Amino acid sequence: WEWCKDGIFGGDAKNAHFEFDFGYDAKTKQFGFQDIRGSAYIEDSNIRYIDTMPMVTNVYGTFGVDNTSINIALDKAKSDGILLDSGQVRIYDLDKYNNYISIKLLSNSSISDALKLIDHPPLEFTSELGLKPDLLKGSAETELALDFELKKDLGYDDIKVGVKAKLQDVEV
């Protein structure tokens, strides 16, 4: 939950409905929070998932929350100047000490822009492959998938990455 205050911010929530349950916990012998359920439609929100990667901005979509997860179904958003057609962000294991995030972003852009997006640290795929994004022309339908633990000292090996792209009208 700590990550959420800095990782999801801004915008408006419409048609919000949230339910909170409070009760007595016999194990801890304390009265307090027990459960949350809710949803809202979010407009013009922002998601910062890795400090060195471009934020996902202008997020429009459905936000859902329960005791163990936050789920965002993106209708549209932007990242690094690229219009995202759709996507999902799932923050899970919020009831445990270690929390995780799973991100899937779908876009249509130039090949050059798609390659620049996956070249930010810690990914740096384009540089690793020796590609020069500005030398490639054409369009790309791209799916970027990331899954990792929400922690401060995140390294390259801590991130599960999937990139799929369908390239059209490619010129070098």
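Residues numbered from 1 in each chain as written. Predicted model: local features only at pLDDT ≥ 70, side-chain atom pairs only at ≥ 80, totals over all residues. Heavy atoms only, no water.

Caption draft 1: Local environment of empty space enclosed by the protein. Counted according to the given criterion, the structure contains 1 cavity of 30 Å³ or more. Taken as a whole, the largest cavity holds about 30 Å³ of empty space. Lining of the largest cavity is provided by Leu 84, Leu 105, Leu 106, Ser 107, Leu 117, Thr 142, Glu 143 and Leu 144. (1 Å grid on protein atoms, 1.4 Å probe; cavity = no way out; pocket = protein on both sides within 12 Å on 5 of 7 lines; lining within 4 Å. Points joined across faces, edges and corners; volume = space filled by probe spheres on them.)

Caption draft 2: Representation of the side chain of Ser 112 within the structure. Tracing the backbone shows Ser 112 in helix α2 (residues 111-117). Leave out the neighbours within four places in its chain, and Ser 112 touches Pro 133, Asp 134 and Leu 136. (Helix = DSSP H or I, 4+ residues; strand = E, 2+ residues; numbered from the N terminus. Contact = heavy atoms within 4.5 Å.)

Caption draft 3: Fine view of the packing of aromatic side chains. Summed over all chains, the structure comprises 3 aromatic pairs. Seen in terms of ring centroids, Tyr 92 and Tyr 100 are 5.8 Å apart; in terms of plane orientation they differ by 25°. Their pairing is stacked. Directly above the ring of Tyr 92 sits Arg 90, whose terminal nitrogen or CZ lies 4.4 Å from the centroid. (Phe/Tyr/Trp six-rings, centres within 6.5 Å; stacked < 30°, edge-to-face > 60°. Lys NZ or Arg CZ within 6 Å of the ring centre and 35° of its normal.)

Caption draft 4: Quick peek at the environment of Gln 88. Mapped onto the fold, Gln 88 is located in strand β6 (residues 82-92). Residue Gln 88 is classed as partly exposed on the basis of its relative accessible area of 41%. On a C-alpha basis, the gap between Gln 88 and Leu 106 in space is 9.0 Å, while along the polypeptide they are 18 residues apart. In this structure Gln 88 touches Ile 72, Leu 74, Ser 102, Ile 103 and Lys 104, once residues within four positions along its chain are discounted. (Buried < 20%, exposed > 50% of the residue type's maximum accessible area, 1.4 Å probe, protein only.)

Caption draft 5: How the structure looks around the pattern of salt bridges. Scanning all chains against the criterion turns up 7 salt bridges. Note that Arg 37 is salt-bridged to Glu 19, the shortest N-O span being 3.0 Å. Of this pair, Arg 37 sits in strand β3 (residues 30-47) while Glu 19 sits in strand β2 (residues 12-25), and the two are 18 residues apart along the sequence. For Arg 37, a relative accessible area of 32% translates into the label partly exposed. Given the relative accessible area of 36%, Glu 19 is considered partly exposed. For Asp 21, the salt bridge goes to Arg 37, with nearest N and O atoms at 3.1 Å. Residue Asp 21 is found in strand β2, and its partner Arg 37 is found in strand β3; the two are separated by 16 residues along the sequence. (Salt bridge = Lys/Arg side-chain N within 4 Å of Asp/Glu carboxyl O.)

Caption draft 6: Up close: the layout of surface pockets. What the largest pocket holds in volume is close to 620 Å³. Lining the largest pocket are 20 residues, and of these Trp 3, Asp 51, Leu 150, Lys 151 and Lys 152 sit closest to its centre. Counting residues per element, the ones that place at least two in the lining of the largest pocket are α1 (4-7) and β8 (137-149). Of the residues in the lining of the largest pocket, the class split is 8 nonpolar, 4 polar and 8 charged. Taken as a whole, the second largest pocket spans an internal volume of roughly 180 Å³. Together, Ile 111, Ala 114, Leu 115, Ile 118, Leu 131, Leu 136, Ala 140, Thr 142, Val 163, Ala 165, Leu 167 and Val 170 line the second largest pocket. Here the lining of the second largest pocket takes 4 residues from strand β9 (residues 160-171), the largest share from any one element. (Nonpolar A, V, L, I, M, F, W, Y, C, P; charged D, E, K, R; others polar.)

Caption draft 7: The nonpolar core, seen in detail. One finds Tyr 49, Ile 72 and Phe 148 to be the most contacted residues of the largest nonpolar core, which totals 39 residues. Taken together, the elements giving at least two residues each to this core come down to β3, β4 (56-66), β5 (69-79), β6, β7 (100-110), α2 and β8. (Core = buried A, V, L, I, M, F, W, Y, C linked by side-chain atoms within 4.5 Å.)

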